[in-house]
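What follows is each chain in one-letter form.
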Amino acid sequence: MKKTIKLLLALAFVMVSTGAFAQKFARIDYQRVIETMPEMDSVDLKYQKAAQDYQDLLENIQVELNNKRYDYEKNNATMSEAVKQLKQKEMQDLNTRLQEFYQSAQQELMKVEAELMQPLYARAKEAITKMCKENGYVVVFQNDQVVYLDEESVKDITEDIRKALGCIERAPQAAPAM
């Protein structure tokens with residue numbers, strides 16, 4: 001009899017514990033939240049400005065290289081061998097400089113983008129954390145990283161977070177040409 005009572009108490013404890021510790025799960029389209037935050041307009045403008053500055057510098061170097069090529073081709077017949085070699089070396093050096101600057105510009109633009117986006121990521125994370133604590137969610141999945149999802153067991157909080165952050169709809173923008 002004591003064993004039965006102990007077994008029933010243990011079973012009741014397990015059932016109560018399971019119900020008391022039921023975990024809530026949610027999912028979010030994090031990229032959509034970030035892309036629709038009001039601050040994205042300012043981020044886009046600053047990024048486009050930085051990209052245009054680098055593009056202008058690249059174009060200047062390219063014009064200089066094209067001018068040297070044109071001058072070389074135009075005056076090639078009248079140049080001494082030493083001058084030809086000097087002009088060829090100048091063009092090679094300028095071409096190398098152009099390629100190195102292009103790579104450097106791409107790296108710098110990635111840094112600029114990361115610096116501009118960091119406050120948005122921090123603000124979104126803060127809003128997600130606050131909402132999850134308020135609503136008792138213990139795990140939030142990103143849509144693009146879920147292998148299986150039981151739609152009935154997981155609440156999508158994307159729109160709730162977007163509303164909390166004052167997000168707006170935007171038309172997709174093309175990436176700057178480099």
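Just so it is clear, the structure is predicted and the values come from calculations on it, not from any experiment. (Residues numbered from 1 in each chain as written. Predicted model: local features only at pLDDT ≥ 70, side-chain atom pairs only at ≥ 80, totals over all residues. Heavy atoms only, no water.)

Here's the deal with the nonpolar core
Using the following cut-off: Remark: nonpolar core denotes a set of buried residues (Ala, Val, Leu, Ile, Met, Phe, Trp, Tyr, Cys) joined through side-chain atoms within 4.5 Å. Exposure is judged per residue with a 1.4 Å probe applied to protein chains only, and the accessible area is read against the type maximum: over 50% gives exposed, under 20% gives buried, and values in between give partly exposed. Helix and strand definitions follow DSSP, with helices as H or I runs of at least four residues and strands as E runs of at least two, each counted in order from the N terminus. By definition in these notes, contact holds between two residues if any of their heavy atoms fall within 4.5 Å.
One finds Ile157, Ile161 and Leu165 to be the most contacted residues of the largest nonpolar core, which totals 27 residues. Those elements giving two or more residues to this core turn out to be strand S1 (24-28), helix H2 (30-35), helix H3 (40-75), helix H4 (81-135) and helix H5 (158-165). Here this core gets 10 residues from one element, more than from any other, and that element is H4. In this structure, isoleucine 161 is in contact with Ile28, Val33, Ala127, Ile128 and Met131, ignoring residues within four places of it in sequence. Counting 8 residues, the second largest nonpolar core, distinct from the first, contains Ile61, Tyr72, Met91 and Leu94.

Here we look at the sheet that holds strand S3 (residues 154-156)
Counted only if it meets this: Any two strands between which DSSP finds at least two bridges are classified as paired. Axis angles are defined between N-to-C directions and span 0 to 180 degrees, where every axis is a line fitted to C-alpha atoms and, for a helix, only to the segment in contact.
Strand order in the open sheet formed by 3 strands is S2-S1-S3, with parallel pairing between adjacent strands. In this open sheet, the two edge strands, each paired with only one partner strand, are strand S2 (137-142) and S3. Each neighbouring strand pair of the sheet contributes to a mean axis angle of 30°, computed without reference to strand direction. Bridging between S1 and S3 involves 3 bridges; their strand directions are parallel. Looking at the pairing, phenylalanine 25 lines up with valine 154 of S3. Strand contacts of H4: S1 and S2, with the helix running at about 135° to S2, the strand carrying the most contacts.

Geometric values such as these leave the question of function open.
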